[in-house]
Amino acid sequence: MLFIPLPIVVAILLQVLFVVAVRREDEDRPRNVPFLALILVNVLQSLLIGLRWGYGVQAAMYIAPVVAATIPPLVYAGICQLIGRSWFSPSLRVSVHALSTLLIVALSFFWRDAIDIALVLIFVSYAVAILLFVRPGTDALRLAAFDEAGSAYHAILFAAGALLLSAIGDTFIFLDMEWTQGRNALLVIMGGQLAALIILSVSVAAMGRSRPSVGTTEMADVTDNLDNGAGVAETVLAVQALMQEKAIYRDCDLTLDRLARKVGIPARQISIAINEATGKNVSQFVNQFRISEACDLLSQTKKPVTEIMFEVGFQTKSNFNREFRRLTDTTPLEWRKTQSPAAKSRR
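Each value, and the rule that gives it
Residues numbered from 1 in each chain as written. Predicted model: local features only at pLDDT ≥ 70, side-chain atom pairs only at ≥ 80, totals over all residues. Heavy atoms only, no water. Helix = DSSP H or I, 4+ residues; strand = E, 2+ residues; numbered from the N terminus. Buried < 20%, exposed > 50% of the residue type's maximum accessible area, 1.4 Å probe, protein only. Contact = heavy atoms within 4.5 Å. Areas by Shrake-Rupley, 256 points an atom, 1.4 Å probe, with all protein chains shown as cover. Axes fitted to C-alpha atoms, helices over the stretch in contact; angles between N-to-C directions. Parallel < 35°, antiparallel > 145°, perpendicular 65-115°, else oblique. Nonpolar A, V, L, I, M, F, W, Y, C, P; charged D, E, K, R; others polar. Patch = residues over 30% accessible without salt bridge, like charges linked within 9 Å, V, L, I, M, F, W, Y side chains within 5 Å. Salt bridge = Lys/Arg side-chain N within 4 Å of Asp/Glu carboxyl O. Expected span 1.5 Å × (residues − 1).

Undergrad: Whenever I open this one, the overall build of the protein confuses me. Can you help?
TA: Secondary structure assignment for the protein yields 15 helices and zero strands. Taking all 347 residues of the protein together, 49% fall into the buried category. In the protein, once contacts between residues fewer than 6 apart in sequence are set aside, the share between residues at least 24 apart is 73%. Approximately 17200 Å² of the protein is accessible, and the part contributed by carbon and sulfur atoms is 63%.

Okay, structure coming up:
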């Protein structure tokens, strides 16, 4: 009977994930190439693990560290594209991200014993950089639709966690090789690497649902350069007026950047002002208007819940139900039963 190692099975599943991610792309939203490349790199990494530990192909051990070194830069680059900002100019970006891979290649020839330590430092450095990037919370995802920002933000945190998990696993393997000649290395490699690959790939799939609209990426930094002297109260009132008068929250593709351009105030200023004035992030502030209208439609009309969900700006039922329960402590159907005119007349 043919023996198929678990990493090979994972590689097959990741290929399926890649096909699903590619088919999900549409013309209105550009492909996040780093995320797609990351899935393929994880496929290759799983194959190498399977060949090395499943079939004893020793050559795989020389390629695997180089492949592993490309994972953190791809995660970071994909998140930068999702956020629409980077600490480096385009000319420096490729060079900086290539350094980690070039370092591992050089160590493979001149100092193989230092590869594990170098990989740990690379994974931890990128994980910290990603966490610093998303310190503002969902407001950091300025090019992601508000309805998708929460899921994408948590996926980014999971991705950073996967990088840290890989670093911890590599550290344990290094120490195990030093202390017990690798007695437990196989178990850690199989378990830790596969867990990290799965978490990372699932996170990438979730982040792939939040992609900037065509033509918005180049505008990411423009809104922060606008000169606007509005204070906290004026900023919140301006955004609130736009919500109430034009109901722009109904736009399912509304992003922080798009909101900033409509109101004429820098995105960062809007984020800070709403947070200081309400204790909420911009996504929660916008969803508050969406749920308020949804409550009115549920109690005053007989429209289906799904139709109402789309009408007020939500794209997924899970996000709609979660936000509805967060703000009302009940479900849309329960709200309709208790708040409809018929229900009120029976009280």
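There is more to say, and it comes next.
Undergrad: Would you take a moment to explain the packing of helix H8 (residues 232-246) against helix H9 (residues 256-263) for this structure?
TA: The description of two packed helices rests on the angle between their axes and on the distance between the axes. One way to put it is that H8 packs onto H9 with a least axis distance of 10 Å and a crossing angle of 95°. If you check the angle between H8 and H9, you find them roughly perpendicular. From H8, Ala238, Val239, Leu242 and Met243 reach across to H9, where they touch Leu259, Lys262 and Val263. Looking at the contact of H8 with H9 residue by residue, the classes come out as six nonpolar, no polar and one charged.

Undergrad: Just to check I follow, could you spell out the environment of Ala144 for this structure?
TA: Within the secondary structure layout, Ala144 lies in the loop between helix H5 (115-133) and helix H6 (146-180). Each C-alpha atom of the pair Ala144 and Thr255 lies 5.7 Å from the other, and the pair is 111 residues apart in sequence.

Undergrad: Even after reading the chapter, I still don't get a nonpolar patch on the surface, so can you show me in this structure?
TA: On the surface, a cluster of nonpolar side chains totalling about 400 Å² of accessible area is made up of Val124, Val128, Leu131, Leu132, Leu157 and Leu164. Of all the elements in the fold, those that place two or more residues in the nonpolar patch are H5 and H6. By residue number, the principal contributor to the nonpolar patch is H5, which donates four residues. Checked against the element boundaries, Leu131 lands in helix H5. We classify Leu131 as partly exposed; its relative accessible area is 34%.

Undergrad: Any chance you could explain helix H2 (residues 33-54) here in plain terms?
TA: Along an α-helix, a turn takes 3.6 residues, which lines up residues three or four apart on a common side. Spanning 22 residues, H2 covers 31 Å between terminal C-alpha atoms, matching the ideal 32 Å at 1.5 Å per step. Among the residues trailing H2, Gly56 stands out with phi positive, at a value near 70°.

Undergrad: Any chance you could explain the environment of Leu131 here in plain terms?
TA: A sequence separation of 29 residues divides Leu131 from Ala160, and the C-alpha atoms of the two residues are 7.0 Å apart. Setting aside its immediate chain neighbours within four residues, Leu131 contacts Leu157 and Ala160.

Undergrad: Even after reading the chapter, I still don't get the pattern of salt bridges, so can you show me in this structure?
TA: Here the idea is simple: oppositely charged side chains can pair when their charged atoms come close. Enumeration according to the criterion identifies five salt bridges in this entry. One salt bridge connects Arg250 with Glu293, and the closest N-O pair in it is separated by 2.8 Å. Here Glu293 lies in helix H11 (residues 282-300) and Arg250 lies in the loop between H8 and H9, a separation of 43 residues in the sequence. Taking the relative accessible area as the measure of exposure, Arg250 reaches 42% and is therefore partly exposed. The residue Arg261 makes a salt bridge to Asp257 at a minimum N-O spacing of 4.0 Å. You can see Arg261 and its partner Asp257 sitting in helix H9, four residues apart, about one turn around the helix. Among the residues examined, Arg261 registers a relative accessible area of 32% and is labelled partly exposed.

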